[in-house]
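Examining the three-dimensional arrangement
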Amino acid sequence: MNSRVRALRLSCAFAAAALCAGPITAGPIEALYTTIPGHPTSVVPGMDGMTFNPGVTTQFDRPYASPSGQRWIMRARLAPPATNENNEVILVGWDRLAAVALREGASDGLGPGEVYGAFGRVMGINDAGQFVFSSRALSGSSGRDVIMKWDGGRFGTVAREQMPAPAAQGGLYGAPLDSPNILNDGVGTVCFRAGNIQFGQRAGQAIWYRGEQILAATRDPEFAPYGQLDDPSVNWGSLEPGRLRVDASGEHWIGMGVLQAPVLAQAVVVNNGVVAQQGAVLLWDPMGRTVAPVASAAVDESMSHNGRCWMTRGAFTNTDDYVVRNGVLVASTGGRITVRPGETERYGDLSYPQTFFLNVCNGAGDYLIGGVTNAPDDDANAVVVLNRRRVVVREGDPIDLDGDGDATNDDAYVGVFNNDDAFYTDDGWFYFTADLRNGAGALTGQGLLRVRVCAADWDGSGRVASNDIAAYLTDWIAEIGRPSGLADYNEDGSVDSEDISAFLTAWLAALAAGC
């Protein structure tokens, strides 16, 4: 049976469900919380009328999701009368709602006379509601770095400066302690970075931990990254802060560090295998471009909760920028933003030298790329693109501030996307932070926003319905037999019957999830 006939029969198997199912409407971009002075969304939940600090960019930090996507956690800042000693809070959310779990200056779980200083940006939460964060335990003018965990009933110490460090042969934790992740393994095992072991045989080493096990360590040939792309192969020289991402099982992870002398090159690894290395050709680049050094804050790595998808981005020595997903180059400066026939908009770096500001994926393998383009309107040239197929959010899109389902009546628009401050759930919710502006173009605050982004919404109508099956089949028939294209749904490099099966499976899953 040829692939076209097989595919048409597959589509018929789903026809009854397609015709009977009602459409699922995605809805507008909605604001969960904002820093707009005087607006109801600026009120901090459960804090007696206190509000989030007015301003943009850094009042809300990156949100992190549990594997199911039902829970999330993030750092936020309070407006005066809060002071520099107590103006940070940890928000723990579920769906649209949130509560303050901890405030800077509190003492929960710490020693006598100690209070929390500022919280680290990287946090983690699992489906049981256990969460983990980093901070500094302050006592008078001194303090010690800590990794702390809420286990569902109390706060406890995971790691603390001057505590014995496991597998460190007599060493103690030094500062910094950061990059906490928490597993969905029933006990809430914590992964993190110990940046400087003190004393013992591992003195001066940095270690990525999974519980009490070492994932990687500097200056140790046992943990030298494999598959290095240039000679000679060397040990880790340093492990970058905030760059460890671990899946929910702890079996898969991605991170960035610097290789030891004489190489002294940045490297991104997946399970300690090199996938990108400064000074070497990017393996998946058909143009053979060489990876350049980049500022750590300008790039980022991500991994889905099940390890199915990993992403990283960086720059080439010719100043072009790139995004890689699962070993495939999926975007680069000058490239078309989608694979749709006739697409003319391309990624560009004239208004933003790094081109890309976001790369994130979910457990279904769907992914979002945020980048700046060559669109002539500077107020609408930043986009978030789904699976290289369609733009799902664009700078200037309207926002529903008051929750009435209408984004056109609130004079609020997406202004500036905040770099990497986002997650994407398996059931299609894209949570992100952005600076907000009004119709006159003036910035009004920052927002934690969300919008439903359904990969099975093939026609981009904002709803999953039987029309999407017809639209997909139209594109599939036009591209059948090509090596790749818009209809290559499973992205295996070939448009064939397996793509129809993959699309229909995703379509049914979207209906079941209400996406």
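Further up the page is the structure itself.
Quick summary incoming for the structure in this document.

Quick notes on the rules
Residues numbered from 1 in each chain as written. Predicted model: local features only at pLDDT ≥ 70, side-chain atom pairs only at ≥ 80, totals over all residues. Heavy atoms only, no water. Core = buried A, V, L, I, M, F, W, Y, C linked by side-chain atoms within 4.5 Å. Buried < 20%, exposed > 50% of the residue type's maximum accessible area, 1.4 Å probe, protein only. Helix = DSSP H or I, 4+ residues; strand = E, 2+ residues; numbered from the N terminus. Phe/Tyr/Trp six-rings, centres within 6.5 Å; stacked < 30°, edge-to-face > 60°. Lys NZ or Arg CZ within 6 Å of the ring centre and 35° of its normal. Expected span 1.5 Å × (residues − 1). Arc of directions from axis to C-beta. Polar contact = N/O pair within 3.5 Å; in protein donor to acceptor, adjacent residues only side chain to side chain. Pairing = 2+ DSSP bridges. Axes fitted to C-alpha atoms, helices over the stretch in contact; angles between N-to-C directions. Salt bridge = Lys/Arg side-chain N within 4 Å of Asp/Glu carboxyl O. Disulfide = S-S within 2.5 Å.

Turning our eyes to something else, we now look at the nonpolar core. Membership of the largest hydrophobic core comes to 48 residues, with the highest contact counts inside it found for L368, V384, V393, I399, F430, F432 and F503. The element best represented in this core is helix 4 (residues 497-513), accounting for six residues. Judged by nonpolar contacts, the second largest core, of 19 residues, contains L32, M47, W72 and L78.

Quick look at the packing of aromatic side chains now. The tally for this structure, following the rule as stated, stands at 29 aromatic pairs. Residues Y33 and F52 carry aromatic rings whose centres are separated by 5.8 Å and whose planes lie at 75° to one another, so their mutual orientation is edge-to-face. Of the two residues, Y33 is situated in strand 2 (residues 29-34) and F52 in the loop between strand 2 and strand 3 (64-65); the sequence distance between them amounts to 19 residues. No difference in accessibility class separates Y33 from F52, as the two residues are buried. Ring geometry for W150 against F155: centres 4.9 Å apart, planes inclined by 55°, an arrangement best described as tilted. Using a relative accessible area of 10% as the deciding quantity, one classes F155 as buried. Within the aromatic cluster, the residues linked to one another by ring pairs are Y116, F119, F131, F133, W150 and F155. If you follow R450 out to its NZ or CZ, it ends over the ring of W429, 3.7 Å from the centre.

This next bit is on helix 4. In this model, helix 4 (17 residues) spans 25 Å end to end at C-alpha, consistent with the 24 Å of a helix rising 1.5 Å per residue. S497, D499, I500, F503, L504, W507, A510 and L511 are the residues of helix 4 that are buried. Take helix 4 and look down its axis: the buried residues cluster within an arc of 150°, on one side only. N-cap assignment for helix 4: the residue whose side-chain oxygen lies 3.1 Å from the backbone N of E498 is D496. At the exit of helix 4 stands G514, carrying a positive phi of roughly 75°.

Moving on to the sheet that holds strand 27 (residues 382-386). Ordered in space as 25-26-27-28, the four strands form an open sheet in which the pairing is antiparallel. Both edges of this open sheet fall to strand 25 (356-361) and strand 28 (390-394), since each of them pairs with a single strand only. Taken pair by pair, the neighbouring strands of this sheet meet at an average axis angle of 20°, ignoring direction. Where strand 27 and strand 28 come together, four bridges link them in antiparallel fashion. Looking across to strand 28, one finds that V383 is bridged to R394.

For the rest of this paragraph, the subject is the pattern of salt bridges. Taken as a whole and judged by the stated rule, the model has 24 salt bridges. The shortest N-O distance in the salt bridge between E88 and R77 comes to 3.6 Å. One end of the pair, E88, is in strand 5 (residues 88-94); the other, R77, is in strand 4 (residues 71-77), and eleven residues separate them in sequence. With respect to class, E88 is no different from R77; both count as buried. For R160, the salt bridge identified is with E114, shortest N-O distance 2.4 Å.

Moving on, we get to the state of the cysteines. Under the criterion given, the structure shown has two disulfides. One disulfide bridge connects C309 with C361, the sulfur atoms lying 2.3 Å from each other. Where C309 bonds to C361 through sulfur, the torsion about that S-S bond is close to -110°, and the disulfide is left-handed. Taken together, the positions of C309 in the loop between strand 21 (301-303) and strand 22 (310-315) and C361 in strand 25 put the pair 52 residues apart, joining distant regions of the chain. Judged by relative accessible area, C309 falls into the buried class, the value being 0%. Note that C454 is cross-linked by a disulfide to C515, the S-S spacing being 2.0 Å. Handedness of the C454-C515 disulfide follows from its S-S torsion of about -120°: it is left-handed. With C454 in the loop between strand 32 (443-452) and strand 33 (463-464) and C515 in the segment after helix 4, this pair connects stretches of sequence that are 61 residues apart. Across this residue pair, the class does not change: C454 and C515 are buried.

Scope: geometric values only; no functional claims are made or implied.
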